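# Summary of the model geometry
These are the residues of each chain, in order.
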Amino acid sequence: VPGDLPQKFAFPVAGTPNRDYTINNYVDVDPRTDSRADFRGGPFQYEGHDAIDVGLPSSMDQDRGVAVLAAAAGTVIAVADGYFDRETTMSDRPGNFVTIDHGSNWTTTYFHFATSSIVVKVGDAVTQGQLLGLVGSSGSSTGAHLHWSRSEEHTSELQSQFRISYAVFCLK
């Protein structure tokens, strides 16, 4: 755990890997233009991607409801909800999201919630593992997934806690 992280992050999606979700993309850690690499130098990201994408197998899984959980304790500092959640193309439409301040300049943002599923509001104190809402496909999204990002000061630390290869999640 990095020295200034108040507590180790827990995985933010409920369920079983490779059954309920898969990690589709990691952060692009290569800062060069027209060059990209995930944390292992691999291809599981895209140019400029700034988060970990946790995808659901299908829209039917979105319909049954897959929980998004607070990765660590903190205070909710931003929420947007009520936007359309069946996006299938990249667009400039707004999405549903929650941002949590964990202290010591650490924040995490959870994007693409299902419409009206967010159960926290600005100012709420949350505990690790607390329900925030349900995975959806709102905003610039090609399918139901959680886009989980961290504060800019901590580019690689978030995914360093989840150094589980794509193959472990997707190739059982």
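The structure we're discussing is the one just above.
Residues numbered from 1 in each chain as written. Predicted model: local features only at pLDDT ≥ 70, side-chain atom pairs only at ≥ 80, totals over all residues. Heavy atoms only, no water.

Here the focus is the nonpolar core. Counting 27 residues, the largest nonpolar core has Ile100, Tyr110 and Leu132 as the members making the most contacts within it. Secondary-structure elements contributing two or more residues to this core are strand E2 (51-55), strand E5 (97-103), strand E6 (106-111) and strand E9 (145-150). Beyond its immediate sequence surroundings of up to four residues, Leu132 is in contact with Val68, Leu69, Ala70, Ile100, Tyr110, Phe113, Ser117, Ile118, Val119, Val120 and Val126. (Core = buried A, V, L, I, M, F, W, Y, C linked by side-chain atoms within 4.5 Å. Buried < 20%, exposed > 50% of the residue type's maximum accessible area, 1.4 Å probe, protein only. Helix = DSSP H or I, 4+ residues; strand = E, 2+ residues; numbered from the N terminus. Contact = heavy atoms within 4.5 Å.)

What follows is about unusual backbone geometry. A negative phi angle characterises most non-glycine residues, just as the trans form characterises most peptide bonds. In this structure, Ser104 is a non-glycine residue whose phi angle is positive, near 55°. Its location among the elements puts Ser104 in the loop between E5 and E6. One non-glycine residue with positive phi stands out, namely Ser116, at about 60°. Looking at where Ser116 falls in the secondary structure, it is placed in the loop between E6 and strand E7 (125-126). Among the residues examined, Ser116 registers a relative accessible area of 57% and is labelled exposed.

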